[in-house]
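Architecture at a glance
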Amino acid sequence: MTKPVAIPEPRRPVLARPSDTFARLTPLGWTSGLIFIVALLAASFVLAGYFVVYWLTADMDFMVVYSALLLNDGQPAFFPHPAYFTVLGVKLWFQVLHHLNLLDTSSLSRMPPASDRLAFDAAMTSVIRAARVVAWMTATSFVLVFAGLARWLVRDWRLATLATFAFAFSGGVEFHMRVLRSEMIAGCLIIFALMILITVSRRPTIWRPLAIAAAAMLCVLGLENKIHAILLIAALPLLILPFGGPASASTQFWSNSTRAWLATLTMALVAGLLLRAALPLIALGLDPTTAMPSLHPLLLGKFGVYQLGLLAWIGAGMLTFAVVWRVCLAETFAAIFAVIAGASLGLLALLIEYNPSNVVIVLNPIEEMMTFADQSAASAIDSGNPFAAIGLFLSGVASVLQRYTFVLFTSPRPTVFLTWLIVPGIVYAWRRGERQTATQSALLMLCAIAIDSLGIRRGLKVEYFIFTDPLIIIAGMVLLDRMNDLRFHKWAYPISATLVALHIGVSQAEPIRMVTARRGPERICEWNQHYLPLLPMPWCELPAKRP
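Definitions and limits used
Residues numbered from 1 in each chain as written. Predicted model: local features only at pLDDT ≥ 70, side-chain atom pairs only at ≥ 80, totals over all residues. Heavy atoms only, no water. Axes fitted to C-alpha atoms, helices over the stretch in contact; angles between N-to-C directions. Helix = DSSP H or I, 4+ residues; strand = E, 2+ residues; numbered from the N terminus. Parallel < 35°, antiparallel > 145°, perpendicular 65-115°, else oblique. Contact = heavy atoms within 4.5 Å. Nonpolar A, V, L, I, M, F, W, Y, C, P; charged D, E, K, R; others polar. Buried < 20%, exposed > 50% of the residue type's maximum accessible area, 1.4 Å probe, protein only. Phe/Tyr/Trp six-rings, centres within 6.5 Å; stacked < 30°, edge-to-face > 60°. Lys NZ or Arg CZ within 6 Å of the ring centre and 35° of its normal. Salt bridge = Lys/Arg side-chain N within 4 Å of Asp/Glu carboxyl O. Patch = residues over 30% accessible without salt bridge, like charges linked within 9 Å, V, L, I, M, F, W, Y side chains within 5 Å. Areas by Shrake-Rupley, 256 points an atom, 1.4 Å probe, with all protein chains shown as cover. Disulfide = S-S within 2.5 Å. Expected span 1.5 Å × (residues − 1). pLDDT = per-residue confidence, 0-100. Core = buried A, V, L, I, M, F, W, Y, C linked by side-chain atoms within 4.5 Å.

**Some details on the packing of helix 19 (residues 415–431) against helix 22 (residues 492–507)**
Running from N to C, helix 19 and helix 22 cross one another at 155°; their axes reach a closest spacing of 9 Å. Taken together, the axes of helix 19 and helix 22 lie roughly antiparallel to each other. Contacts from Thr-415, Phe-417, Leu-418 and Leu-421 of helix 19 reach helix 22 at Ile-495, Leu-499, Leu-502, His-503 and Val-506. Along the lines of polarity and charge, the residues of the contact of helix 19 with helix 22 split into seven nonpolar, two polar and no charged.

This is the structure in structure tokens:
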């Protein structure tokens, strides 16, 4: 009797597992990846920043340091941006270093005379280098804050790591890391406010009004450091609207009428107290004839017209979000009071180092911005012809789109390469049915283009990238977070690796240009008498040098 022979089943082919691009690009993990990014930033700062001759990037380096030295002498200091927290940070840093015997020249009275060239050069080198450390510490801190908020914003830590890398090596951060400018603090604080608002709009909590209060405070603090931030603030109500969803409805707490309205009343009382404390500042800003008689109102011959329009725009945006995404009435009013409280608290920060001129330009930002606008923009505004202003804006849009191609107009801005993927990604998401995601990303991109188009009037200098680079990066985050499967595409890794290489290479173009620049300090003489009246330069005839 024969036994049946078992015939083995044919072996099934083993399918290769698709490569995970996110995993290949983030081999160090979350914490080690952040340490690596911070180490690269520090190396870049030391190699192409800290040791650069003190007058090579003198523009705002000198102006901020001069203001800090004045304040440490007990004298008033005013700068029209106004670079409020930048100056205060440098002032405090000089005091700390002087207390530790690491800096001799912590105030203007300790500065050697310009007639003693060797002593003056040594003193200016020490204070400028000390101030550059403040710029590096600020940039590094903001990169880490961005990382934390990115981790909160998206589901995958690997995507948050890649977004942090893109932010850390964006043109704006790389420039501001080694030069004292007012844009870094202003742009980042408002971007952080945007990220907070996006997160709480998607995932509501009982504490959502407090998060909104924090965002409002950050917006005002950003405006106090750079008045150009008003453009980004005005875009927030529109940017936040599409980030709502079915999960955005109020939590159970806000549906409880007694407890919810008690919390709303408490927020109203806090908002009233803070607003009352800020009213003297607001009154000064709306009647600046005493503090800054040279300032002229923009609309209807009165101050405060467009400011009221902006407040109405913000309120309308909040009410629209509440209606569309089913936010309870109690929470809606609590959020409105939270905005008032946060903005008032932010405005009170101007009392830390009170100067009436700072208050005036913070509350009248566009009037002050117009004093620095080019002739074509000023003429268009003064003519009252809306078509002239629209024509200038459209020409700015065309110029920005040229820059985004990088081929038609090169710039030290690596985020333009991200736009090459984000724009087709928006189209792909729309066709795939992810229309809300496509709308979110498209609005972020349109906002970046609009703000850059206005910045064209001043040449869209590299220092302004910090306002819009994060918008482009967040637009990419939004797309990839929703269409996570794209990381397994066969072309995903080679394209991503190429982008990483381009990102690093282009981001270092401006630092290398600064280090290798061959120019003298004579150009400073064009403005040192106006901005540095008590700090004459050895190579300038005016102002007169003290013996």
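After presenting the structure, the write-up continues.
**Let's talk about the side chain of Thr-164**
Relative to the helices and strands, Thr-164 resides in helix 6 (residues 157–168). Note on Thr-164: relative accessible area 1%, which makes it buried. Apart from the residues lying within four places of it in its own chain, the contact partners of Thr-164 are Leu-34, Ile-37, Val-143, Phe-146 and Ala-147.

**A word on the packing of aromatic side chains**
A full pass over the atoms with the stated rule returns 15 aromatic pairs. Geometrically, the ring pair formed by Phe-45 and Trp-136 is stacked, given 5.7 Å between the ring centres and 15° between the ring planes. Here Phe-45 is found in helix 2 (residues 30–50), whereas its partner Trp-136 is found in helix 5 (residues 117–153), with 91 residues between them in sequence. Here the aromatic rings of Tyr-54 and Trp-539 are separated by 6.4 Å at their centres, their planes lie at 40°, and the arrangement is tilted. Pair noted here: Tyr-54 is in the loop between helix 2 and helix 3 (58–72) and Trp-539 is in the segment after helix 24 (528–531), with a separation of 485 residues, a long-range link. For the pair shown, Tyr-54 and Trp-539 are each scored as buried. Each member of the aromatic cluster is reached from another via a ring pair, and the members are Phe-45, Tyr-50, Phe-51 and Trp-136. Arg-151 extends its terminal NZ or CZ atom over the ring of Trp-30, reaching a point 4.9 Å from the ring centre. Just above the ring of Phe-409 sits the side chain of Arg-403; from NZ or CZ to the centre is 3.9 Å.

**Considering the pattern of salt bridges**
Tallied over the entire structure, the rule returns 17 salt bridges. Here Arg-178 and Glu-174 are joined by a salt bridge, their closest N and O atoms 2.8 Å apart. By relative accessible area, which is 1% here, Arg-178 ends up buried. Of the charged contacts in the structure, one is a salt bridge between Arg-181 and Glu-463, with a shortest N-O distance of 3.6 Å.

**Here's the deal with a nonpolar patch on the surface**
Taken together, the side chains of Val-407, Leu-408, Phe-409, Trp-420, Leu-421, Trp-491 and Ile-495 present a nonpolar region at the surface, about 750 Å² in accessible area. Topologically, Ile-495 is positioned in helix 22.

**Observations concerning the state of the cysteines**
Using the criterion set out here, one finds one disulfide in the structure. The residue that forms a disulfide with Cys-525 is Cys-540, at a sulfur-sulfur distance of 1.9 Å. Residues Cys-525 and Cys-540 are joined by a disulfide whose S-S torsion is about -90°; by sign, that bridge is left-handed. Of this pair, Cys-525 sits in the loop between helix 23 (509–516) and helix 24 while Cys-540 sits in the segment after helix 24; the two residues are 15 residues apart in sequence, bridging distant segments of the chain. The exposure class assigned to Cys-525 is partly exposed, which follows from its relative accessible area of 30%. Overall, the relative accessible area of 2% leaves Cys-540 in the buried class.

**Digging into helix 9 (residues 208–225)**
Under the 1.5 Å per step criterion, the end-to-end length of helix 9 is 26 Å for 18 residues, consistent within 8% with the ideal 26 Å. Here helix 9 lies mainly inside the structure; 15 of its 18 residues are buried.

**Let's talk about the packing of helix 4 (residues 84–99) against helix 9**
At a closest axis distance of 5 Å, the pairing of helix 4 and helix 9 adopts a crossing angle of 80°. With respect to helix 9, the axis of helix 4 lies roughly perpendicular. Every residue of helix 9 that contacts helix 4 at Tyr-84, Phe-85 and Thr-86 is listed here: Leu-221, Glu-224 and Asn-225. By residue class, the composition of the contact of helix 4 with helix 9 is three nonpolar, two polar and one charged.

**Regarding the confidence of the model for the protein chain**
With 93% of its residues at a pLDDT of 70 or more, the protein chain has an overall mean of 88. By mean pLDDT, the top-scoring element of the protein chain is helix 9 (97), and the lowest-scoring one is helix 17 (residues 375–383) (62).

**Here we look at the environment of Pro-204**
By the secondary structure assignment, Pro-204 is in the loop between helix 8 (183–202) and helix 9. If we skip the residues at most four places from it in the chain, Pro-204 touches Ala-247, Ser-248, Ala-249 and Thr-251.

**Here we look at the nonpolar core**
Within the largest apolar cluster, 169 residues are counted, with the highest numbers of intra-cluster contacts made by Phe-62, Phe-94, Leu-194 and Ile-474. Take this core: its biggest share by element is 17 residues, from helix 5. Not counting residues up to four positions away in its chain, the partners in contact with Ile-474 are Leu-153, Ile-191, Leu-194, Met-195, Ile-198 and Leu-444. Membership of the second largest hydrophobic core comes to five residues, among which are Phe-253, Trp-254, Ala-260 and Ala-334.

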